[in-house]
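Report on the structure
These are the residues of each chain, in order.
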Amino acid sequence: MTTTPDDPTTALPGRPPVVDPATWQTARDELLVREKAHTREGDALAAARRRLPMVELDQAVEVVGADGPVPFLDLFQGREELMVYQHMWYDGAPHQGQCEGCTATAWHLKDAVYLNARGVSFAVLTTGRWDEVAAYVAFMGYTQPWYSVRDVDAPVGGEMGHLTCFLRDGDRVFLTYSTTGRGNEPVNGSLGLLDMTPYGRREAWEDNPEGWPEAPQAGSPVGGHGSPICWYWRSDADRNATWGPTSRPVPQWTRPGATPVKTLGRHDHHH
């Protein structure tokens, strides 16, 4: 059966038109032209990244891990390339009070075997004290290498929330690329998948069709009107998105023994 956009038996108020398969395929093919242009531009940007100049690091830089202080060079694990995620840290906060955005990033990179197979090592760096970091890593069940970079200067330490890449040539190490903010999104494959769905990420900043459902209200202290970016990265025990006193980054509800808590550290409302 074929339908037309104004067919009252099939049209849905506040939704895109309902059409026959051939009409849909034509519209899909038109969008594909734009998608392919976007892909090619992304390839060109990646080519430009590979041509960025490099900055040499001090060979004396050390980080602290499970085996105590080690040279930053050790993070390469003998490989030529290294990618790190620099995880924000709130001193003294309970596990559930750590950054929901960094938790999401680290959770999506629990396993780097495909990077390793391509000659790229991966590690998570954070400014937390190692004893706090080790307890958190155990709580989350992470098996990737984590290190404390407290009091270490940038680009190894310093401001967190970045994806940063390094190249090794013998004992020499070079900074090649770094990004933060939405530049970190490739790690979080869930975001790319949500972008393909009918309702997208359901965030207030998105450009949606007229009549599309409003983004749910998260009751967050950030974002102003509507729902802020990634409002659903924190939830309470009932899976309601919130930054309230009993909330956690959503992966932490999957941990054994996860229960609601009475109060969180003073950093919990930081976003």
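Structure: above.
Description of the structure in this document. Along every chain, residues carry numbers that run from 1 in the direction the sequence is written. Reporting of local features is limited, given that this is a predicted model, to residues whose pLDDT is at least 70; pairs of side-chain atoms are given and counted only at 80 or more, and all residues count toward the totals for whole chains, interfaces and linings. Each side-chain value is worked out from all heavy atoms of the structure, with water and hydrogens disregarded.

**Some details on unusual backbone geometry**
- The step from Ala154 to Pro155 runs through a cis peptide bond, and the omega angle for that step is 10°.
- Notably, Gln77 is not glycine yet its phi reads approximately 50°, a positive angle.
- Each helix corresponds to a stretch of at least 4 residues labelled H or I by DSSP, and each strand to a stretch of at least 2 residues labelled E; elements are numbered beginning at the N terminus. Counting through the fold element by element, Gln77 comes out in the loop between strand S3 (68-71) and strand S4 (81-87).
- Despite not being glycine, Arg239 shows a phi value in the positive range, around 70°.

**Some words on the pairing of S4**
- Three labels apply to residues, based on accessible area from a 1.4 Å probe with only protein chains included: buried if under 20% of the type maximum, exposed if over 50%, partly exposed otherwise in between. Burial runs high along S4: five of the seven residues are buried.
- We call two strands paired when DSSP finds no fewer than two bridges between them. Across six bridges, the pairing between S4 and strand S7 (residues 162-169) is antiparallel. Paired with Glu81 across the bridge in S7 is Leu167.

**Some remarks on empty space enclosed by the protein**
- Method remark: on a 1 Å grid restricted to protein atoms, a set of points is classed as a cavity if a 1.4 Å probe fits but cannot get out and as a pocket if it is open with protein on both sides within 12 Å along at least five of seven lines; lining residues have an atom within 4 Å of a point. Grid points are joined across faces, edges and corners, and a volume is the space filled by probe spheres set on the points. Applying the stated criterion across every chain yields a total of one cavity of 30 Å³ or more.
- Size it by volume and the largest cavity reaches roughly 40 Å³.
- Residue classes in the lining of the largest cavity are distributed as six nonpolar, one polar and no charged. Residues are grouped as follows: Ala, Val, Leu, Ile, Met, Phe, Trp, Tyr, Cys and Pro are nonpolar; Asp, Glu, Lys and Arg are charged; all remaining types, including Gly, are polar.

**Remarks on the layout of surface pockets**
- For the largest pocket, the calculated volume is near 1100 Å³.
- Surrounding the largest pocket, 26 residues form its lining, Leu31, Glu35, Asp195, Met196 and Thr197 being those nearest its centre.
- Only helix H1 (21-49) and helix H5 (189-196) provide two or more residues apiece to the lining of the largest pocket.
- Here the lining of the largest pocket takes eight residues from H1, the largest share from any one element.
- Considered class by class, the residues forming the lining of the largest pocket number 11 nonpolar, six polar and nine charged.

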